[in-house]
Amino acid sequence: MNAASFVIPAAPQPAIPVAGESKSFPVRRIWCVGRNYLEHIREMGNDERDPPFFFAKHADMIEPDGATIPYPPLTKDMHHEVELIVAMKSGGLNIPVEKALDHVYGYAVGIDLTRRDLQQAARKKERPWEIGKSFDHSAPCSALQPAAKIGHPAKGKIWLSVNGTERQKGDLTELIWSVPEIIWKLSQQVEIGAGDIILTGTPAGVAALSPGDKVECGVDGVGTLKVSIGKPAA
C-alpha cells in the first residue's frame, strides 16, 4: 500500500542500524524474556523454579545508540536491565530447537528500561506488566551485528555501568534458557516473523536511574550501547 491508501499519515517504520551496512533492519515486534538469569530471579525475590515467560514492547519504543532518554512519567523508580538482543530474519510456529538459529539475522545489545514501582504495583494486583515495561523510549538498542559475521554468541561477558561504575555483570553462559530454546518456546506461543527482535533476559544488579545518568553497556563479541537519561518528558 502507498501513502495515499491511508486516511491519516502512516507511522515511520521502526528500524535498527546494521553495523557496516547502509541499510537498516526493520523491526516488526519486540519480545522480552522474563526471569532468565538465576541471580536476577533471586535479587527480585521470585521463585527460581518458575520458567521464564514472555512480554512485549512496541516497536516504536526503540532508541538508538547515543540517545538521550527522557525520564518517563508516573514513576520514581526507573531501572536498567541490559540484555542480548536476537534479531529474526524469518520464523514460523513451533520452530524446533535444532533449527532455531537458522532464523536469526543477528545480535545487538539492548536495555529493557523498567518503571519498577509500577511493575511491582501491577504484580501485586495481578494486572499485566505493560505499564511498567512498555512505555515511550523504553528499548534502547545498539547497531546489529549480522550472525554471518560474528556467529551465534553463547558465551561472553554482559555488563552495564552507570556514570563509570559497573552495576550489572554476567555471562551468556548463565542464561537459563539458551537462544535456540527461547526461539523454540516463543514460537509455541506466537508465529515469529521476520523483523521480530527478542530481548533474552538480564543478569543481576538492576538498579534505579536518575536524570543526568550516563549509561554504558555491552556484550562481548556483539558490541556496546551508550545512552543518557534526560529530564522528565514534558
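All values derive from a computational prediction rather than experimental measurement. (Residues numbered from 1 in each chain as written. Predicted model: local features only at pLDDT ≥ 70, side-chain atom pairs only at ≥ 80, totals over all residues. Heavy atoms only, no water.)

Q: Explain the overall build of the protein chain to me, please; I cannot follow it from the model alone.
A: A count of helical and extended segments in the protein chain gives 5 helices and 17 strands. Relative to a compact globule of 234 residues, whose C-alpha radius of gyration would be 17 Å, the protein chain shows 17 Å and is just as compact. Each of the three principal axes of the protein chain carries a C-alpha extent, and together these read 45 × 40 × 40 Å. By residue count, 50% of the 234 residues in the protein chain fall in the buried class. Restricting to contacts in the protein chain with at least 6 residues of sequence separation, those with at least 24 account for 75%. Counting only carbon and sulfur atoms, one obtains 52% of the accessible surface of the protein chain, whose full area is about 11400 Å². Side chains of the protein chain carry 26 positive and 28 negative charges; the gap between the two charge centres is 3 Å. (Helix = DSSP H or I, 4+ residues; strand = E, 2+ residues; numbered from the N terminus. Rg over C-alpha atoms; globule rule 2.2 N^0.38 Å. Buried < 20%, exposed > 50% of the residue type's maximum accessible area, 1.4 Å probe, protein only. Contact = heavy atoms within 4.5 Å. Areas by Shrake-Rupley, 256 points an atom, 1.4 Å probe, with all protein chains shown as cover. Lys, Arg positive; Asp, Glu negative; His and termini not counted. Charge placed at Lys NZ, Arg CZ, Asp CG, Glu CD.)

Q: Got a minute to help me understand helix α5 (residues 179-189) in this structure?
A: Structural remark: α-helix, 3.6 residues per turn; residues separated by three or four positions point the same way. Where α5 is concerned, the buried positions are V179, P180, I182, I183, L186 and S187. Buried residues of α5, seen end-on, are gathered within an arc of 155° and therefore sit on one face of the element. Considering only its buried residues, α5 is in contact with β3 (30-34), β4 (53-57), β8 (82-88), β9 (104-111) and β15 (197-199). (Arc of directions from axis to C-beta.)

Q: Which parts of the structure should I look at to understand the sheet that holds strand β17 (residues 223-232)?
A: What holds strands together in a sheet is hydrogen bonding between their backbones, with the strands either parallel or antiparallel. With mixed pairing, 5 strands are arranged side by side in an open sheet as β6-β17-β16-β13-β14. Edge positions in the sheet fall to β6 (68-71) and β14 (165-171), since each of these pairs with one other strand and no more. In this sheet, adjacent strand axes meet at a mean angle of 20° when their direction is disregarded. Where strand β13 (residues 157-162) lies against β14, 6 bridges are found, and the strand directions are antiparallel. Across the sheet, the residue bridging to K157 is D171, located in β14. (Pairing = 2+ DSSP bridges. Axes fitted to C-alpha atoms, helices over the stretch in contact; angles between N-to-C directions.)

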